[in-house]
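# Summary of structural features
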Amino acid sequence: MPRIAVAGFMHETNTFAPAPAGYAAFEHGGGFPPFSRGEEIFARMPGKNTGLSGFIAAAAEKGWEVLPTLWCAAAPSAHVTEDAFERIMAEMLERMAALGPVDAVYLDLHGAMVTTHLDDGEGETEARVRALIGPDVPLVVSLDLHGNLTPRMVAEADALVAYRTYPHVDMADTGRRAADVLEARLAVGKPFAKAFRQIPFLMPIAWQCTEMEPCRTLYAQLAEIERDMGLVHLSFLPGFPAADFADCGGSVVAYADTQTKADAGADALTALINAQEDAFAGSAFSPEDGVRKAMALAATASRPVVISDTQDNPGAGGSSDTTGMLRALLACGAERAALGLMVDPETAEAAHKAGVGAEVTLKLGGKSGIPDDAPFEGTFVVEALSEGTFDATGPYFGKGPMFLGRSACLRIGGVRVVVASRKAQLADQAMFRYVGIEPTEQAILVNKSSVHFRADFTPIAETILVCTAPGAMPLSPASLPWKHLRPGVRLEPNGRSFA
Ligand SMILES: [Zn+2]
């Protein structure tokens, strides 16, 4: 029975965002399962939509012995602190060393981690694990589709296996795919040939959605190339275009039994992606234009018009508290509109003190120092209160408990705002219902999310519009103050090159 050591350490780093991720952020998990050690992994991970959950299930079917070490993740933010990275890596390696010799290692990583002392968090993680296990023990890694691959990450691992959906409804399936690739690696007994290509333009995350073109077709073509060219595995990662280091951006990695096959597979997919550069440049609305368009559509619609407040997406490092869309809804006189999540613990607490039915005058949101944003001062009616613990019901988070802390529904005019104390991306209908707002009965919903919300909201939406209110994650990466990219990369599709 092969003995497989497993570990997970996940962070998506927006190096332009305001706050770093310290050790406490990984202990809590911020929407992910909390820091799990040893056997706790078997108690918490099964049934969840994570790479490790799928890997554990597949390993059981293959008759492998899984040796758990640690798994942790934190909400996207600025850099992981040196203290957090070094403490977590020291514990991971200590636990792995205590297992004695193993037949392989599986790591559940994100791929876009930057720390305060290292540009390539995952490359360093892999290199330290590799140094412990030696050159011959297979090391297979699953990654988020937003991973920014580096030559070091490709070199240190036997295989990198990325999600193929955004919204990421296949995180657990990716763990299963990683187990299949590891099984193939154990069977051949020697490393695969590999080919790595980088895409020469940054792709805005709002247009990376795999339910839309061009990615819907590109991922179908990926599967065809993988099958028809006889590859062991092929991944395409559009990347996370808010990490300021040389290897930021999209990439392709292919594995095969010969170098010729790996190169041909990687080149075929890379050519198809490069040919879609125009299609990666979508169009969006200013906040007021978007609200006016939504109101016009809502006049004859039977379902809500959903607006993505994409630049304040907490899943990409946003603070989930900017007020641009709220101001636009009120300025345009929107009715039956709801917006979430506005993360403002101070306001949630004030609403709880005032009680249901009370009127409160306060400064809502806008407290994160985002340029061109400020708190919204107004008088609201407290319509509902919650302690913030409820079950998600949609496909992105998967069915399971959420903990948003003290929360409230505040109404001003025809607009209801979900105020929460803890950050999470508004990607589940239950995140409106837990404070008494029935999303299907609204004319307009504003979600602080770029793409993940589509998994649960496309089925109830009349249509989806993308708006660009102030936030930490600009729709176009070209508007970020880049300093460390590799020369020649275009900062947006068909945009100017970094020099
Ligand atoms: Zn992602």
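Residues numbered from 1 in each chain as written. Predicted model: local features only at pLDDT ≥ 70, side-chain atom pairs only at ≥ 80, totals over all residues. Heavy atoms only, no water.

### Looking at the sheet that holds strand β1 (residues 3–10)
In space, the six strands of this open sheet follow the order β2-β3-β1-β4-β5-β6, with mixed pairing throughout. The outermost strands of the open sheet, each flanked by one partner alone, are β2 (36–37) and β6 (159–162). Taken together, the four bridges between strand β4 (residues 104–109) and strand β5 (residues 139–143) define a ladder with parallel strand orientation. Residue pairing across strands places Leu107 opposite Val141, the latter belonging to β5. Contacting β1, β4, β5 and β6, helix α5 (residues 121–133) crosses the sheet at an angle of about 165 degrees to β4. Each of β1, β4, β5 and β6 is contacted by helix α7 (residues 171–188), which is oriented at about 155 degrees to β6, the strand it contacts most. (Pairing = 2+ DSSP bridges. Helix = DSSP H or I, 4+ residues; strand = E, 2+ residues; numbered from the N terminus. Contact = heavy atoms within 4.5 Å. Axes fitted to C-alpha atoms, helices over the stretch in contact; angles between N-to-C directions.)

### Here we look at the nonpolar core
Core analysis: the largest hydrophobic core is formed by 118 residues, its most contacted members being Phe9, Phe26, Leu107, Leu160 and Phe236. Per-element accounting of this core gives the leading share, seven residues, to helix α4 (residues 82–98). Per-domain counts for this core show at least three residues from each of domain 1 (3–280) and domain 2 (287–474). Excluding anything up to four places from it in sequence, Leu107 contacts Ala7, Met92, Met96, Thr125, Glu126, Val129, Leu139, Val140, Val141 and Ser142. Leu326, Ala334, Val419 and Cys467 belong to the second largest nonpolar core, which has 34 residues in total. (Core = buried A, V, L, I, M, F, W, Y, C linked by side-chain atoms within 4.5 Å. Buried < 20%, exposed > 50% of the residue type's maximum accessible area, 1.4 Å probe, protein only. Domains from an automatic or database assignment.)

### A look at empty space enclosed by the protein
Going through the model one piece at a time under the given rule, you end up with one cavity of 30 Å³ or more. In this structure, the largest cavity spans a volume of roughly 30 Å³. Residue lining of the largest cavity: Gly111, Ala112, Met113, Val114, Asp119, Asp120, Glu122, Asn148, Met153, Ala243 and Phe245, and that is the complete set. Here the residues of the lining of the largest cavity sort into six nonpolar, two polar and three charged. (1 Å grid on protein atoms, 1.4 Å probe; cavity = no way out; pocket = protein on both sides within 12 Å on 5 of 7 lines; lining within 4 Å. Points joined across faces, edges and corners; volume = space filled by probe spheres on them. Nonpolar A, V, L, I, M, F, W, Y, C, P; charged D, E, K, R; others polar.)

### Description of the packing of aromatic side chains
According to the stated counting rule, one finds 13 aromatic pairs in the structure shown. Measuring from centroid to centroid gives 5.1 Å for Phe16 and Trp482, while their planes differ by 85 degrees, and the two rings are edge-to-face. Here Trp482 lies in the segment after β19 (463–467) and Phe16 lies in the loop between β1 and α1 (23–28), a separation of 466 residues in the sequence. Judged by centre distance (6.1 Å) and plane angle (75 degrees), the ring pair of Phe376 and Phe380 falls under edge-to-face. Both residues of the pair, Phe376 and Phe380, count as buried. (Phe/Tyr/Trp six-rings, centres within 6.5 Å; stacked < 30°, edge-to-face > 60°.)

### What about the coordination of the zinc ion?
Bound to the zinc ion are the protein donor atoms Asp144 (OD), Asp144 (OD), His146 (ND1) and His168 (NE2), situated 2.0 to 2.7 Å from the metal. For the zinc ion, the four donor atoms in the first shell make angles of 52 to 143 degrees at the metal, so the coordination geometry reads as irregular. Judged by its relative accessible area of 2%, His168 is buried. (Donors = N, O, S within 2.8 Å, 3.2 Å for Na, K, Ca; no water. Tetrahedral: all angles 85-135°; square planar, octahedral: opposite > 155°, others 65-115°.)

### Some points on the sheet that holds strand β18 (residues 444–447)
Across the sheet, which stays open at both edges, the eight strands sit in the order β12-β13-β16-β17-β11-β18-β10-β19 with mixed pairing between neighbours. Where the open sheet ends on each side, the last strands, each with one partner, are β12 (359–364) and β19. Across the sheet, the mean angle separating the axes of adjacent strands is 30 degrees when strand polarity is ignored.

### Concerning the UniProt feature "domain: Microcystin LR degradation protein MlrC N-terminal" (unreviewed entry) in the protein chain
Feature annotation in UniProt places "domain: Microcystin LR degradation protein MlrC N-terminal" (unreviewed entry) on residues 3–295, given in this structure's numbering. End-to-end, the C-alpha atoms of residues 3–295 are 59 Å apart, and along that stretch the chain is 40% helix and 17% strand. (UniProt positions renumbered as here; feature names shortened; annotations may be inferred.)

### So, helix α9 (residues 259–274)
The end-to-end C-alpha distance of α9 is 22 Å, a good match for the 22 Å that 16 residues give at a rise of 1.5 Å each. Those residues of α9 not exposed but buried are Ala262, Gly265, Ala266, Leu269, Thr270 and Ile273. Summarising the axial view, the buried residues of α9 lie within an arc of 125 degrees, below the 170-degree limit, and thus occupy one face. As for α9, its buried residues are in contact with β7 (193–198), α8 (215–228), β8 (233–237) and β9 (251–256). (Expected span 1.5 Å × (residues − 1). Arc of directions from axis to C-beta.)

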